[in-house]
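# Descriptive analysis of the structure
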Amino acid sequence: MTRAGRPGERRNSPSGAVQSVDRAVSVLEILARRGEAGVTEIADELGVHRSTAFRLLGVLENRGLVGQAGDRGKYHLAAGVLRLAGAAAVRLDVSQEAVPVCRDLADELGETVNAAVPDEDAAVNIMQARGTAAVTAQDWLGRRTALHATSSGKVFLAHMTPARREEQLARPLRRFTEHTVTDPAALRRELEQVPEQGYAATREELELGLVAVASPVRSHDGTVIAAISVSGPVFRMTPDRIPLLGARTAAAAEELSRRMGYGF
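Figured I'd write up the structure that's included with this text. Source: prediction; values computed, not measured. Within any chain, residue numbers begin from 1 and follow the written order of that chain's sequence. In keeping with the model being predicted, local features are shown solely for residues with a pLDDT of at least 70 and side-chain atom pairs are shown and tallied solely at 80 or more, while totals for entire chains, interfaces and linings include all residues. Neither water nor hydrogens contribute to the side-chain values; these are computed over all heavy atoms in the structure.

Helix and strand content of the chain: eight helices and nine strands. Under the scheme applied here, a residue whose accessible area is under 20% of the maximum for its type counts as buried, over 50% as exposed, and between as partly exposed, the area being computed with a 1.4 Å probe on protein chains only. Burial analysis of the chain (264 residues in total) assigns 44% to the buried set. Between two residues, a contact is recorded if the distance between any of their heavy atoms is within 4.5 Å. Nonlocal contacts in the chain, meaning residues at least 24 apart in sequence, comprise 56% of its contacts between residues at least 6 apart. Surface exposure here means Shrake-Rupley accessible area, sampled with a 1.4 Å probe, where a residue is shielded only by the protein chains that are shown. About 13,700 Å² of surface is accessible on the chain, with carbon and sulfur atoms providing 52% of the total. Runs of E in the DSSP output that reach at least two residues are strands. Runs of H or I that reach at least four are helices, and both are numbered from the N terminus.

See below:
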């Protein structure tokens, strides 16, 4: 009896660490399809020894991706899969809904507009709209940037739980330029103002010549899930222009929040 087409056999079998990853993904696919399965059943589908299947399940269980159904020896997908799926869904939804909002703001202000999401100890830009100005900001799309040195990152820090924020500030704060705020006390004072004024700002803190402001985007339950930022060169984004840019960015972030279900 042939077993072609089963999850563990759809591609030529890789080797080493890649093979282990391939098999672990196959285990998740098996459990998604079956609902639950025992070690022997999984080993049979993968075409591996029972001990190999047991080790794979142990790793996945330690990471919260699979769990055991009582004392029956059956495994099932666990909450860790939902957490990953939820994070992916949020990114996808925000990225899609942010497109018209960011484009309208970029057209209005003439500057580069980004939508970013938090990724543990970093901010990641997932969508970018270029302004009409002759000189625009660098393309940061897809890159992880430090929370303490970016406007979006400061938004995320400001809206974290106090315990999580202190955990972030306890780490060494890298100095990117002479203007980077690396003193935790000074950064705390700055972050305290963000919720009240509705935006965070950075001035040449990540890159010389670059200024940015950002405002929070909320999900239906009020959780800050993203940020919209406006960035441009220091000679255009002067201090007297920051309040206006902050207000317009906050308005755009509120619009995206409504698209994400906030306020209904």
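Moving on: the sheet that holds strand S9 (residues 224–233). Within the open sheet, the six strands sit side by side as S6-S5-S4-S9-S8-S7. Their pairing is antiparallel. Both edges of this open sheet fall to strand S6 (144–146) and strand S7 (200–203), since each of them pairs with a single strand only. Direction aside, neighbouring strands of the sheet carry axes that sit 35° apart on average. Strands qualify as paired when DSSP identifies two bridges or more between them. Structural elements are reduced to axes, namely lines fitted to C-alpha atoms, with helices fitted over the stretch in contact, and the angle between N-to-C directions of any two is expressed from 0 to 180 degrees.

Attention shifts here to the packing of helix H6 (residues 162–169) against helix H7 (residues 184–197). The interhelical angle for the contact between H6 and H7, taken along N-to-C directions, is 145°, at an axis separation of 11 Å. Between H6 and H7 lies a crossing of right-handed hand. On the side of H6, the interface is formed by Arg165, Glu166 and Leu169, while H7 contributes Pro184, Leu187, Arg188 and Leu191. Three categories are distinguished: nonpolar for Ala, Val, Leu, Ile, Met, Phe, Trp, Tyr, Cys and Pro, charged for Asp, Glu, Lys and Arg, and polar for the others, with Gly belonging to the last. Residues belonging to the contact of H6 with H7 are distributed by class as follows: four nonpolar, no polar and three charged. By convention the crossing between two helices is left-handed if the near helix lies anticlockwise of the far one by an angle smaller than a right angle, and right-handed if it lies clockwise.

What follows is about the sheet that holds strand S1 (residues 37–38). Strand pairing in a sheet takes place through backbone hydrogen bonds and is either antiparallel or parallel in direction. Overall, antiparallel pairing links the three strands, which are arranged S1-S3-S2 in an open sheet. Whereas interior strands pair on both sides, the edge strands pair on one side only; in this sheet they are S1 and strand S2 (66–68). Both S1 and strand S3 (residues 74–77) contribute to a ladder of two bridges, which runs antiparallel. Its bridge partner being in S3, Ala37 is matched across the sheet by Tyr75.

This next bit is on the pattern of salt bridges. Should the charged atoms of two oppositely charged side chains come close, the side chains can pair. Here a salt bridge means any side-chain nitrogen of Lys or Arg lying within 4 Å of a carboxyl oxygen belonging to Asp or Glu. Here the structure, examined in full by the defined rule, presents 17 salt bridges. With a closest N to O distance of 2.8 Å, Arg144 and Asp119 form a salt bridge. One end of the pair, Arg144, is in strand S6; the other, Asp119, is in strand S4 (residues 112–119), and 25 residues separate them in sequence. Note on Asp119: relative accessible area 24%, which makes it partly exposed. When the shortest N-O distance is used, the salt bridge between Arg171 and Glu167 registers 3.6 Å. You can call Arg171 partly exposed: its relative accessible area is 34%. Judged by relative accessible area, which is 46%, Glu167 ranks as partly exposed.

Counting buried positions over the eight residues of S4 gives six, a clear majority of the element. Alignment of S4 against S9, held across five bridges, turns out to be antiparallel. Its bridge partner being in S9, Thr112 is matched across the sheet by Ser231. As paired strands, S4 and strand S5 (residues 122–129) are joined by seven bridges and run antiparallel to one another.

This paragraph deals with the environment of Arg203. As for its placement among the helices and strands, Arg203 is situated in strand S7. The exposure class assigned to Arg203 is partly exposed, which follows from its relative accessible area of 31%. Distance from Arg203 to Ala149, taken between C-alpha atoms, is 9.1 Å for residues 54 residues apart in sequence. Once residues lying within four places of it in the same chain are set aside, the contact partners of Arg203 are His179, Leu210, Val211, Val234, Met237, Thr238 and Pro239. Engagement of the side chain of Arg203 in a polar contact is seen with the backbone oxygen of Met237, the distance being 2.9 Å. Here a polar contact is recorded for every N or O atom pair within 3.5 Å, except that within protein the pair must consist of a potential hydrogen donor and a potential acceptor, and residues adjacent in sequence are included only if both atoms are side-chain atoms.

The next point concerns the pairing of S7. Going residue by residue along S7, you find Ala200 and Thr202 tucked away on one face and Ala201 and Arg203 left uncovered on the opposite face. As defined by bridge partners, S7 adjoins strand S8 (residues 210–218) across four bridges and the pair is classed as antiparallel. Across the sheet, residue Arg203 finds its bridge partner in S8, namely Val211. Two successive antiparallel strands, S7 and S8, enclose a turn made up of six residues, where Glu204 displays a positive phi of approximately 60°.

Ranked by internal contacts, the top residues of the largest apolar core, which has 29 residues, are Cys102, Val217, Ile228 and Leu256. Of all the secondary-structure elements, those providing two or more residues to this core are helix H4 (79–109), S4, S5, S8, S9 and helix H8 (242–259). Here the element with the most residues in this core is H4; it accounts for seven residues. The contacts of Cys102, once residues within four sequence positions are left out, are Val113, Asn114, Ala115, Met127, Ala129 and Ile228. By convention a nonpolar core is built from buried Ala, Val, Leu, Ile, Met, Phe, Trp, Tyr and Cys residues, the set being connected through side-chain atoms within 4.5 Å.

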